[in-house]
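Listed below are the residues making up each chain.
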Amino acid sequence: MLTKRIIACLDVRAGRVVKGIQFVDIVDAGDPAELAHRHAAAGADEIVLLDITATHEGRGTLLDTVKRTAANLFVPFTVGGGIRSAEEAAAVFDAGADKVSINSAAIARPELIGEIGSSFGAQAVIVAIDARRVKGASDPVGEAEVYVSGGRKPTGRRVVEWAREAEQRGAGEILLTSMDCDGTRDGFDCELTRRVSEAVQIPVIASGGAGNARHFAEVFKAGKADAALAASIFHFGITDSRALKAEVAAAGVPMRLPC
Amino acid sequence: MIAVIDYKAGNLTSVVKALRYLGAQDVVVTQSPEDVRRADKVVLPGVGHFQATQLLHDLCLTKTTREAAAKGTPFLGICVGLQWLYEGSTEAPETPGLAHFAGACERFPAMFDGDELKSPHVGWNSLEDIRPDSRLLAGVAPGSFVYYTHSWRAPVSADTAATTNYGGAFTAAVERGNVMGVQFHPEKSAETGLRVLKNFLEL
């Protein structure tokens, strides 16, 4: 049976994990390669590394980090943050990434989705969408808007329509982050996730708002998510993917449980 | 020497990395029929469109692969590499496959059992009906999870070494003598995938 995926996300700045998933015994920033391997060993289904500085000067450091993290990592590995061209994507693939996640650059130039896909396959292109509900609208979810530049700039584009266009242009998956829920630990935006998931054929990864295992079970069931991103949740009582997945499985969601 | 055939269908880094991690000393990424002829083992990776396999015909690798298969060289196709071992795929009807195995690859149906079926099939799914005589899957327990990402799949036949269920059963692994293939990505399937690659290296 196809299982739902729990994806461990590492936010990286200047070669160090600055927040996101950390084990309770690690109080400060960690080494991305070390953390990625520990998450894979604990049963994370995939690893996402997001470069949150994503500056021009930082690219060399990022590629080195990707290379070190990808070494001997035998689960799918996605890299995102500041990838603006097919050439930049190619460099990240060369360093060992299996997929890239693109966000602002895809909104600015949607052809980029197909350009990366034509060389590396659609499965290697994740389009990340930062979404915010439109308060006071007749359909706040249906009219939810896409934001770029780390959530700072509204684009005037509707989330569901952009997800559909991204799919048509050859995206392999959608990474949907609810800006309303992000950081709240009150649960994912299941309604928004469901709308996007029903609008596209490709898998949808839910992100933003995870606080406990029940939230994951909800977004897989009610939200129809195919995967969910676990970022800061491990700060708050759940020690690792193994514990999280056991709880989500107990709630009736098919999970790959590590031996 | 292990020849990993590069036919410009996606990223070979992960496959090569996994083979080296498992101790393979002499891994050569190549498009040369001569390398394939000399190789002790041949790996044909590949993600993306079946159309890309046209390059195998253009590079004269079809004939070389047939010769290698006939003389007993262990051959492993991965993902589209498995699909190429069949007669063809509806993804690119004008491009024939090697036709080593009978049947053609077809897209997942849009509906299955009255429910909408998402495509591509992405994620970790379990191996079932593992053939006890499979050398490639030796030591792999039924129900072990492997990582998939694909929209076309090969039919189940007598050569099928394991199945996976998604929109019905499809061929997860195929094996007849020295010619083998896996639809999943062993290089991305954690311990189970490494076991499969190790089995292949030890043939």
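Residues numbered from 1 in each chain as written. Chains lettered and ligands numbered in written order. Predicted model: local features only at pLDDT ≥ 70, side-chain atom pairs only at ≥ 80, totals over all residues.

With that settled, the discussion passes to the overall build of chain B. Of regular secondary structure, chain B possesses six helices and 14 strands. Since a compact globule built from 203 residues should have a radius of gyration of about 17 Å, the 16 Å found for chain B is in line with a globular shape. Seen through its C-alpha atoms, chain B measures out along the principal axes to roughly 50 × 40 × 30 Å. A buried classification covers 53% of the 203 residues belonging to chain B. Within chain B, contacts between residues separated by at least 24 positions form 66% of all contacts whose residues are at least 6 apart in sequence. (Helix = DSSP H or I, 4+ residues; strand = E, 2+ residues; numbered from the N terminus. Rg over C-alpha atoms; globule rule 2.2 N^0.38 Å. Buried ≥ 20, exposed ≤ 12 C-beta atoms within 10 Å, placed from the backbone. Contact = placed C-beta atoms within 7 Å.)

Looking only at helices and strands, chain A has nine helices and eleven strands in total. Relative to its length of 259 residues, chain A is compact, with a C-alpha radius of gyration of 17 Å against a globular reference of 18 Å. Here chain A holds 259 residues, and 54% of them are scored as buried. Partitioning the contacts of chain A with sequence separation of at least 6, the portion at a separation of at least 24 is 64%.

The parts lose accessible area when they come together, and the size of an interface is often stated as this lost area. In this complex, chain A contributes 25 residues to the contact, which on the side of chain B involves 27 residues. The residue inventory of the side of chain A that touches chain B, partitioned by class, reads eleven nonpolar, seven polar and seven charged. (Nonpolar A, V, L, I, M, F, W, Y, C, P; charged D, E, K, R; others polar.)

What follows concerns the sheet that holds strand E2 (residues 27-30) of chain B. Residue and element names in this part refer to chain B. One open sheet accounts for seven strands, arranged E2-E1-E3-E4-E14-E13-E12; its pairing is mixed. Lying at the two open borders of the sheet, with one neighbouring strand each, are E2 and strand E12 (160-165). With strand direction ignored, the average angle separating the axes of adjacent strands in the sheet is 20°. Bridge analysis of strand E1 (residues 2-5) against strand E3 (residues 41-44) gives three bridges, and the strand direction is parallel. Paired with Val4 across the two strands is Val43, which belongs to E3. (Pairing = 2+ DSSP bridges. Axes fitted to C-alpha atoms, helices over the stretch in contact; angles between N-to-C directions.)

Residues and elements named next belong to chain A. If you check which residues of helix H5 (residues 111-120) are buried, you get Leu112, Ile113, Ile116, Gly117 and Phe120. With its buried residues spanning 130° around the axis, H5 presents them on a single face. The inward-facing, buried residues of H5 abut helix H3 (86-94), strand E5 (99-102), helix H4 (104-108), strand E6 (125-132) and helix H6 (159-168). Gly121, located one to two residues past H5, shows a positive phi value of around 90°. (Arc of directions from axis to C-beta.)

Glancing now at the sheet that holds strand E5 (residues 88-89) of chain B. Residues and elements named next belong to chain B. What the three strands build is an open sheet, ordered E5-E6-E11; its pairing is mixed. Two strands close off the open sheet at either side, each with one partner strand: E5 and strand E11 (152-153). Sheet topology places E5 next to strand E6 (residues 104-107); two bridges connect them, and they run parallel. Its bridge partner lying in E6, Gly88 is registered against Ala104.

All names here are of chain A. Bridging between strand E7 (residues 145-148) and strand E8 (residues 153-158) involves three bridges; their strand directions are antiparallel. Bridged to Tyr147 within E8 is Pro154. Adjacent in sequence and paired antiparallel, E7 and E8 are bridged by four residues, among which Ser149 carries a positive phi angle near 55°.

Bringing the packing of H3 of chain A against H5 of chain A into the picture now. All names here are of chain A. Contact pair H3 / H5: the axes reach a minimum separation of 9 Å and the direction vectors enclose 40°. If you check the angle between H3 and H5, you find them oblique. As for the relative orientation of H3 and H5, their crossing is right-handed in sense. Taking contact as the criterion, the partners of Ala86, Ala89, Ala90 and Phe93 in H3 are, on H5, Leu112, Glu115, Ile116, Ser119 and Phe120. Looking at the contact of H3 with H5 residue by residue, the class counts come to seven nonpolar, one polar and one charged. (Parallel < 35°, antiparallel > 145°, perpendicular 65-115°, else oblique. Left-handed = near helix turned anticlockwise from the far one by under 90°.)

Structurally, Ser241 of chain A is set in helix H9 (residues 241-250). Aside from chain neighbours lying at most four places away, what touches Ser241 of chain A is Ile6, Ala8, His39, Ala42, Gly43 and Ala44 of chain A.

The next point concerns the confidence of the model for chain B. Of the residues in chain B, 100% have a pLDDT of 70 or more, and the chain-wide mean is 95. For this predicted complex, the interface score ipTM comes out at 0.93, while the overall pTM is 0.94. (pLDDT = per-residue confidence, 0-100.)

A few words on the packing of helix H1 (residues 32-41) of chain A against helix H2 (residues 59-70) of chain A. Two packed helices can be described by the angle between their axes and the distance between those axes. Residues and elements named next belong to chain A. One can describe the packing of H1 onto H2 by two numbers: an axis separation of 8 Å at closest approach and a directional angle of 35°. Note that H1 runs across H2; the crossing there is right-handed. Residues Pro32, Ala33 and Ala36 of H1 form the contact with H2, whose own contacting residues are Thr65, Arg68 and Thr69. Within the contact of H1 with H2, the residues separate by chemical class into three nonpolar, two polar and one charged.

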